[in-house]
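Below are the chains, spelled out letter by letter.
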Amino acid sequence: MHRSLLRKYGSSWRTGAIVTLVAILGALALVACTSSDEQDSAAGRGNTVQAVKDSGVLKCGVKQTQPLFGFREPDGTVSGFDVEFCKAIQAALGDGVGLELVDASDASTRFELLNDGEIDVLIRTTTITASRDRELGVDFAQTTFYTGQGFAVHADSGINATSDMGGRTICVQSGTTTEQNLADHFTDLGLDFTPLGGGDQETQDAFVAGRCDVWTADQSNLASRIGVLDNASDFVILGELISKEPLAPGVRDYDSEWKDVVNWVVHGLIAAEELGITRANVASMAANPPNTTVARLLGVSFEGGEVSTLGFDSVNAQFIQRAIAAVGNYGEIYANTVGDAVPRACSLNALASEDKSNCPPGTGGIQYALPYR
Amino acid sequence: MSQQPAPQLPDPARTPLFYQRGFRSVLTQGIYVALTAIVLAYVIASLDLREFGFGFLSEPAGFKVGNQWLVDVDGVTNSRITMYLVGVWSTLRAVLVAILLATLVGVVVGVARLSSNWLVARMAMLFVEVFRNTPLLVQIVIWYAILLVGAPVIQNVLNVGDFLFLSNRGIAIPWPVPSDGLWGAPDWFVGIWVLALIAVGAVAMRVRAKRQEHERETGRILFANRWAMGVFAAGALISFLILGVPVSIDRPVIEGTSYAEGMLVQPEFAALVLGLTMYTGAFIAEIVRGSIQALPKGQTEAANAIGLTGYQRLTLVILPQALRQMIPSVTNQFLNVNKNSSLAYAVLFDDLFRVATIVQNKAGHALEMFFVIIITYMVISFAISAVMNVLNARVTAHRI
């Protein structure tokens, strides 16, 4: 009886199999097409400038847990040094582009956010390193903040340098360049230490409670966090730096149009400080530029001459002017956000112990704008 | 044998193709296969795009991991996978200790909830309701805050007779370490000592089994457990007189701002284990209570009728039967301990999840790393299940 059933249904079985086979082949062909599209965009032949203009929103990944750099206030507003650069880029892209500040506080997933297109630019106290540049699919623009890895200790601990830290317990933020610098430095010193790794806030709490003798992070981070504590004077930030930590905006690899815009916005804000263009006077400077350099930076004509676009057609020549009008020049951004927590000793007479790395070159610093011409 | 009547089938020639059974079954399965193929092809294509591979795990780690015990790995020369295994070891330690303590807490509190003493029963209920109804993450963070802020800083360490030290860097307690025996014998001496211990233990177990057998045959109470412990103590005393103790007790000391020697229970480990123990213990207490209450009342009455004491009634009649019901539910709780241990992320404990995120931050390859994390947790869970299944088979060996 079973055999007879099989015989009766045999022909329809074959028809079904043929339909299915055709469906599978069609599906595979479809996948082959879509995945090669995917490959194109993931390999970055995308154009973020156009994509942001089309969507009308710039998605900027910032930290929300570090006072002065990127911090979420109880009322929900996010502000800080890094956030100002997000606003500058937003303004540079022109009218009709909104800004969405995406939470990229978690150090261990920030590059994934960028690679997966959740954010367009990462401005989150991120250090440029060779391995990140090569292996994590990220390209870095001009450094916005020069700092180094420093150490905070309890004022009564008697620790004056890393050479005093043998056998001590050291709180260190997980998932950063900091851990590796620390391990390397203590190997070089031939000293042992006990690490206690965790998030920003957790390591700070442990250090303040006396769970660890030393707290290490970027010196600017230590200064900004200790500066807002009620008992700030119980702690000392050592002058010693064990690394270079140039903090810079990151963009996806293989999108040079976008990288150029981000890069030259940062340079433009630094140049504005060198040229004395401020948020207050940018409009009058644009109306009546004092020299050709200022005219070129602001994208306006000098004494009736031609406007030089410098090739920035996708954002038009006045993108730096809009950025300055939105947030001010580099010096203003610094003063309005970081301020005296990490004082900028911009003077050739500054003491060697004072930090002047983020000053213009004429005052002993290394924040050096590349020429706009 | 009666002949079955042949089913009345419709004539296939007149049924439309779409309504024919063979065509339909092949079509639906075909669509399923096709969709699976699409998903697989898509996954493989995107894996290829991300340079999927595990080679990055054997590169030097470049960072150091805290909370090490019985291992000493520096991280500058060791590979990423080595550091990950140190994290796995930390997780295993926390999970094992938490499972043991949670079982203890659960049984005691579960039995206490059924106590006829009003105060004991209400205290047990309060314990269960507090720890069962608040999130574990919150509990762990609170335990950690209590240990960090509540305990003195190491400069004002609480010193209990140079024997136990308490500060917010942890609790340091004396700990046995291998040392020379009575005659200053070499290292392998510890081996003989361990063998002697096993031999004495075996003899004690044999005595226990014999007396239990006797107990069953004659019905007389022969105190098998007490006898076994007595035999073990006597054997240990004899071995001590002959062999000495090749173990010395290492007392903790304070050097600068660190503990040295002894055994250090760090606040991170303590907060995680406390959280897991109390939370899981509350659930196990409810399982214990439920399993006992599920027993017919006649069991208690019968035990009372043959004149068993309260303790005997519990240990000889009630718990052995309740155990049969408990084990499957308790196994689930043990598996939860394993999974919940990843909440160590909230305190500064370098468990496998945190080490994995450090590796991922340095090397990228998030997909591979999550794959490794998932496999690790599953292996630990399967191991716990396997042990519990053996236990379950043993307690359910006798049909009732």
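Quick caveat: nothing in here was measured; it's all calculated off a predicted structure.

Description of the interface of chain A and chain B
So, step 1. Residue-level contacts link 55 residues of chain A with 48 residues of chain B.
So, step 2. Here chain A packs against chain B, burying approximately 4,200 Å² in sum over the two surfaces, 60% of which is carbon and sulfur.
So, step 3. For A:Asp192, the salt bridge goes to B:Lys64, with nearest N and O atoms at 2.8 Å.
So, step 4. Of all the secondary structure elements, the ones that give two or more residues to the side of chain A that touches chain B are α1 (2-42), α4 (110-115), α5 (130-135), α6 (177-189), β11 (194-198) and α7 (200-208) of chain A.
So, step 5. No other element matches the 18 residues that α1(A) contributes to the side of chain A that touches chain B.

Here we look at the environment of B:Ser381
Residue and element names in this part refer to chain B.
So, step 1. Secondary-structure assignment places Ser-381 in helix α11 (residues 366-395).
So, step 2. Its relative accessible area of 14% is what places Ser-381 among the buried residues.
So, step 3. Linking Ser-381 and Thr-331, residues 50 residues apart in sequence, is a C-alpha distance of 9.7 Å.
So, step 4. When near neighbours in sequence (up to four residues on either side) are disregarded, Ser-381 contacts Leu-335 and Asn-338.

Section: the side chain of A:Gln149
Residue and element names in this part refer to chain A.
So, step 1. Here Gln-149 is to be found in strand β9 (residues 149-154).
So, step 2. For Gln-149, a relative accessible area of 0% corresponds to the buried category.
So, step 3. Among the polar contacts listed, one links the side chain of Gln-149 to the side chain of Asn-181, at a separation of 2.8 Å.

Considerations on the nonpolar core
Buried together is how nonpolar side chains tend to be arranged in soluble globular proteins.
So, step 1. Membership of the largest hydrophobic core comes to 80 residues, with the highest contact counts inside it found for B:Phe63, B:Tyr84, B:Met369 and B:Ile384.
So, step 2. Considering each element in turn, this core owes the most residues, 13 residues, to helix α7 (residues 267-293) of chain B.
So, step 3. By size, the runner-up hydrophobic cluster in this structure holds 56 residues, among which are A:Val62, A:Phe85, A:Cys86 and A:Val121.

Digging into the state of the cysteines
Residue and element names in this part refer to chain A.
So, step 1. A full pass over the atoms with the stated rule returns 3 disulfides over all chains.
So, step 2. A disulfide bridge connects Cys-171 with Cys-212, and the sulfur atoms are separated by 1.9 Å. Negative torsions about the S-S bond denote left-handed disulfides, and the value of about -100 degrees found for Cys-171 with Cys-212 makes this one left-handed. Here Cys-171, found in strand β10 (residues 169-173), pairs with Cys-212, found in the loop between α7 and β12 (214-218); they are 41 residues apart in sequence, far enough to count as distant.

Points about the packing of aromatic side chains
So, step 1. Evaluated as defined, the whole model comprises 24 aromatic pairs over all chains.
So, step 2. With centroids separated by 6.2 Å and ring planes inclined at 40 degrees, the aromatic side chains of B:Phe54 and B:Phe371 adopt a geometry described as tilted. A residue pair is termed long-range when its members are at least 10 positions apart, and B:Phe54 in the loop between α1 (21-49) and α2 (80-113) and B:Phe371 in helix α11 qualify at 317 residues.
So, step 3. Residue classification places B:Phe371 among the partly exposed residues on the basis of a relative accessible area of 45%.
So, step 4. Among the aromatic side chains, those forming a connected cluster through ring pairs are A:Phe69, A:Phe81, A:Phe85, A:Phe145, A:Tyr330 and A:Tyr334.
So, step 5. The ring of B:Trp89 is capped by B:Arg93, whose NZ or CZ atom sits 5.6 Å from the centre of that ring.
So, step 6. When the ring centre of B:Tyr345 is taken as origin, the NZ or CZ atom of B:Arg354, which lies over that ring, is 5.0 Å away.

A short note on the domain arrangement of chain A
Residues and elements named next belong to chain A.
So, step 1. We note that the domain assignment places domain 1 (3-36), domain 2 (48-146) and domain 3 (149-241) within chain A.
So, step 2. A separation of 27 Å is found between the C-alpha centroids of domain 2 and domain 3.
So, step 3. Taken together, the contact pairs 13 residues of domain 2 with 12 residues of domain 3.
So, step 4. Buried area between domain 2 and domain 3, both sides added, is near 830 Å², and the carbon and sulfur share of it is 51%.
So, step 5. There are 1 salt bridge connecting domain 2 and domain 3.
So, step 6. Note that Lys-63 is salt-bridged to Asp-200, the shortest N-O span being 3.1 Å.
So, step 7. Where domain 2 touches domain 3, the interface holds 4 residue pairs in polar contact (both at pLDDT 80 or more).

Conventions we followed
Residues numbered from 1 in each chain as written. Chains lettered and ligands numbered in written order. Predicted model: local features only at pLDDT ≥ 70, side-chain atom pairs only at ≥ 80, totals over all residues. Heavy atoms only, no water. Contact = heavy atoms within 4.5 Å. Buried area = accessible area lost by both parts, 1.4 Å probe. Salt bridge = Lys/Arg side-chain N within 4 Å of Asp/Glu carboxyl O. Helix = DSSP H or I, 4+ residues; strand = E, 2+ residues; numbered from the N terminus. Buried < 20%, exposed > 50% of the residue type's maximum accessible area, 1.4 Å probe, protein only. Polar contact = N/O pair within 3.5 Å; in protein donor to acceptor, adjacent residues only side chain to side chain. Core = buried A, V, L, I, M, F, W, Y, C linked by side-chain atoms within 4.5 Å. Disulfide = S-S within 2.5 Å. Phe/Tyr/Trp six-rings, centres within 6.5 Å; stacked < 30°, edge-to-face > 60°. Lys NZ or Arg CZ within 6 Å of the ring centre and 35° of its normal. Domains from an automatic or database assignment.

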